[in-house]
Structures are given as C-alpha cells and as structure tokens.
Amino acid sequence: MSTRQKQRVLIIDDDNIIAWTLQEKLTKEGFEVKTVENGETALNLIREDMPDMAFVDVFLPGIGGIQILKEIVSMNEEIPVIMITGSGSVDTAVTAMKLGAYDYISKPFNLNEVAIIAKKAVESKRVSREISWKLEKEKKTHGIDNIIGKSKEIKGVLEMIQKVAQSDASTVLIEGESGTGKDLVARAIHYSSRRAGRPFMDINCTALPDTLVESELFGFEKGAFTDAKARKIGLFELADDGSALLDEIGDIPMTTQTKLLKLIESKRFKRIGGTSDIEVDVRIIAATNKNLKEEIKSGRFREDLYYRLRVIPIFIPPLRARKGDIPILANYFIDKFNQEFRKDKDIKGLSSGAEKALLSYSWPGNVRELKNVIERAIILESKDKILIEHLPIEVVEGVSPNESHDSIFALPENGISLEEVEKNLLMQAIQNAKGNQSRAAKLLGLSRYALRYRMKKFGFN
Ligand SMILES: Nc1ncnc2c1ncn2[C@@H]1O[C@H](COP(=O)(O)OP(=O)(O)O)[C@@H](O)[C@H]1O
Ligand SMILES: [Mg+2]
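Residues numbered from 1 in each chain as written. Chains lettered and ligands numbered in written order. Predicted model: local features only at pLDDT ≥ 70, side-chain atom pairs only at ≥ 80, totals over all residues. Heavy atoms only, no water.

**Some points on the site of ligand 1**
Let me state the cut-off plainly: Whether a residue is near a molecule or strand is decided by its heavy atoms; if any one of them lies within 4 Å of it, the residue is near. Think of a polar contact as two N or O atoms within 3.5 Å of one another; within protein, one of them needs to be a possible hydrogen donor and the other a possible acceptor, and neighboring residues in sequence only count if both atoms come from side chains. Using a 1.4 Å probe, the Shrake-Rupley method yields the accessible areas, and only the shown protein chains count as cover for residues. Each helix corresponds to a stretch of at least 4 residues labelled H or I by DSSP, and each strand to a stretch of at least 2 residues labelled E; elements are numbered beginning at the N terminus.
Within the structure, ligand 1 sits among 17 residues, and Ile148, Gly179, Lys182, Arg368 and Lys371 are positioned closest to it. The side chain of Arg368 places a nitrogen or oxygen atom 2.9 Å from an oxygen atom of ligand 1. In the complex, 87% of the free accessible area of ligand 1, which totals 560 Å², lies under the protein chains. Going through the elements one at a time, helix H7 (182-192), helix H13 (325-341) and helix H15 (366-380) are the ones with two or more residues in the shell around ligand 1.

**Quick word on the sheet that holds strand E5 (residues 103-106)**
Strands belonging to one sheet form pairs held by backbone hydrogen bonds; the direction of such a pair is parallel or antiparallel. Selection rule: When DSSP locates at least two bridges between a pair of strands, those strands are taken to pair. Helix axes are fitted to C-alpha atoms over the stretch in contact, other axes to C-alpha atoms as well, and angles between N-to-C directions run from 0 to 180 degrees.
Pairing within the open sheet is parallel, and its five strands lie in the order E2-E1-E3-E4-E5. The sheet is open, and its two edges are formed by strand E2 (32-36) and E5, each paired on a single side. Taken pair by pair, the neighbouring strands of this sheet meet at an average axis angle of 20°, ignoring direction. Here strand E1 (residues 8-12) pairs with E2 via five bridges, running parallel. In the strand pairing of E2, Arg8 is matched with Glu32.

**Concerning the domain arrangement of the chain**
The line we're drawing: Those domain boundaries reflect an automatic or database domain assignment.
Domain boundaries in the chain define domain 1 (8-134), domain 2 (143-316), domain 3 (320-399) and domain 4 (418-457). A separation of 54 Å is found between the C-alpha centroids of domain 2 and domain 4.

**Some details on the side chain of Arg322**
What counts here: Here, two residues are considered to be in contact whenever any of their heavy atoms come within 4.5 Å of each other.
Assignment of secondary structure puts Arg322 in the loop between strand E14 (312-315) and H13. Excluding residues within four positions of it along the chain, Arg322 makes contact with Ser151, Glu153, Ile154, Thr180, Ile316, Pro317 and Val367.

Here you go:
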C-alpha cells in the first residue's frame, strides 16, 4: 500500500442511492469520500476545505450543479469536477464541459468506469500541477526580473518588454552587439506574455548552413529531397501559440527571407515539398548584431522583411554606453557565482581599484564578457574582495583586444621593414600637401629640416 495521502472526493447528489453507491466504490479504490445532498451545504463545505475532486449532480434542488461547478472553477480551476447527468441530457453535459468540467457520467453508469475516470482525474491534476510548477520555474529563471541594470537605457528596454508582452501579435526586432542580452530580452518577452505556457523555440541562423535554415524553420515532407526520408516538423509548427526567436536574422539566405516574409504576412506556410497550407500563430522575435540597414544596402537583406520584422524595435545599447550598469552587474554576478561555487567563498565585492578598471574598460564582449571576467576573478580570489590583479590584463590596461587590433596600421602577416613604412608615409604626406614641404612636415610632426633629410635619404628629390 502506498503511504500517499488519500485523495479527498466530495459527492454532491440528492439521490441517496447514487451517492451511496459512488461512495462505496470510490472508498474501495482508496479515496476518502464525503457526500452531501444539496448545493448550499456543498458550497459551505467547499469554501472551508476544498476537496481534491468533486462529483456533482446537475439537477439539484436549490443551487444547481452548474452553479456549483462555476464556483469551484472560479476558486481553483485545477480541481477536477465530474458532472452526473441524467441519460440523454447531452446538452447540459456539453455546457458543463465548456464551463470547465473535467468529465461527465450519465446515469445509469458503470462503476468501474467511474473509478477509472476518478483515477485519471487525479493523474491529470498531478500533471497539470507539474506543468504549472515548471512554468513558474521557467518564468523565474527567464523573467524580466533577471534583466539587471538601472541606466535609463535598460529602463527603456524593460518598458518596451512590458509593452510588447501585452501587445500580443506584433513581431519584434532586437538589435544589439553580441553579449548585450538579446537572448535574455527575447525570453523575457515570451515569459511575460500570455504565450508563456506555450513553447519558446530558438534557432541560430548563423550556426546552420544555408541549405538547412529553411528546413529547420519550415520543415519538409517525406521525399521533398533526396535525404528527406521522413516528414520533419519545423520550428514554426513546434512554436505554435508560442514564440520563435530567430537569432542572427541577418544571416538567413535570401530565399528563406522571402518565405519568412510570406509567413509573417499570411500566418501560413507550406512545408518544403508540401502542397497544403499550414496555419500557425507564432510571435516572431528576431535578433541581430549586424546593422541590417547596411545589409539592405549591400543587397543581402530584404528591405520589406526588415520593416515587417521591425514593427517593434528594441535596441540594447553596448555596455560601454551605459557605464553605470557595470558595477551593478558586476555585483549581481558576484552574488550569483558566490552561490554557485559555494566553496566557503563569500566574496564581498570589488576593490575600488578593480571597480575603476571595470569602469574604464570598453567591454567589446559586453555583459557576456563582464560575466566571464567576474567568474574568473571569483575562481582566482580566495579572500573577500576582487582585486585588480584578479582581472585579465586587457581589462586592467583598458585596451580591448579588438581596439588594439583595430589600430590604424595593421602589421602585414609577413612583416614589413620600418623603413618601408616610413618611405610610404612620407610619399603620402608630400602628395597630400601637394608638394608643400612645410605642410607635409606638419602632417608627419617633423621639422622642415627633418623632412628634407628623409626625402633625400629616400631619393625623393
Ligand atoms: N542586463 C543583464 N542582466 C543580467 N544578465 C545579463 C544582462 N545582459 C546580458 N546578461 C547575461 O550576459 C550573457 C549574454 O547575454 P545574451 O542574452 O546571450 O546576449 P546576446 O544574445 O545579445 O549575445 C548571458 O549570460 C546573460 O544572462
Ligand atoms: Mg544571443
């Protein structure tokens, strides 16, 4: 025997024989059963102590069964209510189901079937609880509260997320450099919207070869091409009623762009090799770290698709443009990793030197890079504060690797002699100055004498 707590069933029926037969059967099956004869008593009992399940006769003197059903559903829609109807009252049964009844049994009923219905109801309640528990967890880990920052830029983004979550249908385009939180924002939109209980699907368009993007998104029919051994359901179908994040949208091939535009306009598409239209209701959230306007200019992105996607634009500024968020995020990640590592570490925060370094660095990898830097520092640090020596060299020196890479002069792979460089620049300066030696000298920060000396050296006279 299981030691699980017994499920409590309330039977509401004025027909004593029916109530008694049901009670006997369900008790045998391991339920704890109470019976009442009328609606008033039933409602009082329910308000005091909600049962796990109820059997409700539709026709009761006084307060009717449908009214009781409504009450129970409004108090807790997870409680399975099974209606007892007279034979042939299909209409009432249908009404009850629409109002949220779990099932119905018509008199005369088979007791074994009733027992099966009761057990299924318990199971379905357990499953629905599990689902709502999982959903709560998802909402907690992906909700809007996980977006940290107090800058006006981040506040603007948070406001947009809230608006977007309410306006259900529109397509969203999230623009921002890599690591600024585009993924985070997309999930927050989904989990704050009414679509939260439905799937959130994402795809990274860069990670896939061109030929695969379309079949991942739209699916295909068996035999659509040589390798199509069986039907494949695409992302849009899987995300029906939910949201689909198309990450790095700038990288989807032209033919797929056309198909995507059609889908957004008609909410319909065909699987590759398919003939019939499939209707879907998916919120599309597109993200990009490219400048799509540039992509349009160079003919790699459809302008009409751009405007369709950009019904609601959200731009997440790079971290260096909202420096005030840096210490807040750093402390947030310190807390987070403190909890995660738990190695009797309890790092209190940043030393003032470390904070200064973080503030003056340019963060080409944005929040992702900051998160990694903090994680590394916490692993290295065993005392109570993160010090400057726990930070990577590029952060301390305030020069990002990208910046140094972007320097005006790139060293050719095979090297070059300084003399060659000098000669080349000298020539350019003279050309720019149209032969005016004092101007050319100025351009190179040289005296006229020094310029002439070099011109002679390289034989420019
Ligand atoms: N405002 C923020 N608050 C908290 N964490 C953030 C924030 N922005 C980014 N992150 C974190 O930084 C990392 C990179 O974010 P992500 O959404 O993947 O960026 P993107 O998709 O723009 O490259 C993730 O771990 C994310 O949780
Ligand atoms: Mg991303």
